Structure formats: structure tokens, C-alpha cells
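Observations on the model geometry
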Amino acid sequence: MGGAPAPLTATARSSGSALVTGGGGFLGGALVDALLSRGAEVASVSRGSYPALEAKGVTTLRADLAASPGPLEVLLRQREVDTVYHCAAAAAASSAMHR
């Protein structure tokens, strides 16, 4: 027991598929690029439109993750996904840091 925890890494198989929430953001975008470089099939759910993701071959869905019924639930019923990476954040989160 004890010791340092294992580092988190993006390990999608070349034949695997991944869903990245917030794929158009800074962290999500970097993760999307890493997954694509490993040959993963990538989909992204974001509040905004990101044509650059589509140009890379990423399937994009524009949706509010807080909506009901949840867009993730609907998407996951429509397509098989091996791994979900949650990188989305509330839009107001950054303004709280400036108080």
C-alpha cells in the first residue's frame, strides 16, 4: 500500500473510440489531439461550434451538458464509446478565480 498513484494517461487503443466533453477547450483540445495521434476515433461534446475539430475528423455535437435529458445519455445510446474523458467546465468557473 502507499506510494505515489499511477499517472493518468490517454490510452485509447488504435481501434478504440473516445468521447471528450469540452473538446474545443484548452485541455480537451490537447486530449483530442493526443487521442487522434494514437489512432482513436474521437467524438466531442461542447457548448460551442468548433470547425477545427471537424476538420481533424472529430465527430462533434453542440450541446449543453446540463440540459435534461442529458445529451451524453442520448449520444451514448446512439453510438458505442470505449472511453469518456470529461474536460468540460462551467462557463462561469474562470470568473470565480478573479474575485
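Residues numbered from 1 in each chain as written. Predicted model: local features only at pLDDT ≥ 70, side-chain atom pairs only at ≥ 80, totals over all residues. Heavy atoms only, no water.

1. Notes on the overall build of the chain
- When helices and strands are counted, the chain shows four helices and four strands.
- When the helices and strands of the chain are listed from N to C terminus, the series reads β-α-β-α-β-α-β-α.
- Per element, the accessible surface of the chain, about 6600 Å² overall, is 57% carbon and sulfur. (Helix = DSSP H or I, 4+ residues; strand = E, 2+ residues; numbered from the N terminus. Areas by Shrake-Rupley, 256 points an atom, 1.4 Å probe, with all protein chains shown as cover.)

2. Description of the confidence of the model for the chain
- Mean pLDDT for the chain: 80, with 74% of residues reaching 70 or above.
- Contacts for the low-pLDDT stretch residues 10-14, under 50 throughout, to residues beyond four places or in other chains number 15 contacts. (pLDDT = per-residue confidence, 0-100. Contact = heavy atoms within 4.5 Å.)

3. Remarks on the pairing of strand E2 (residues 41-46)
- Counting buried residues in E2 gives five out of six residues, a clear majority hidden from the surface.
- Bridge count for strand E1 (residues 17-21) against E2 is five bridges, and the pairing is parallel. The residue bridging Ser 17 from the neighbouring strand is Glu 41, located in E2.
- Once you follow E1 into helix H1 (residues 26-37) and on to E2, the crossover reads as right-handed.
- Judged from the four bridges that link them, E2 and strand E3 (residues 59-62) form a sheet pairing that is parallel. Counterpart to Ser 46 in the pairing with E3 is Arg 62. (Buried < 20%, exposed > 50% of the residue type's maximum accessible area, 1.4 Å probe, protein only. Pairing = 2+ DSSP bridges. Right-handed = clockwise from strand over helix to strand, strands pointing away.)

4. Notes on the side chain of Arg 79
- In this structure, Arg 79 sits in the loop between helix H3 (71-78) and strand E4 (83-86).
- Within polar-contact distance, the side chain of Arg 79 engages the side chain of Glu 41 at 2.6 Å. (Polar contact = N/O pair within 3.5 Å; in protein donor to acceptor, adjacent residues only side chain to side chain.)

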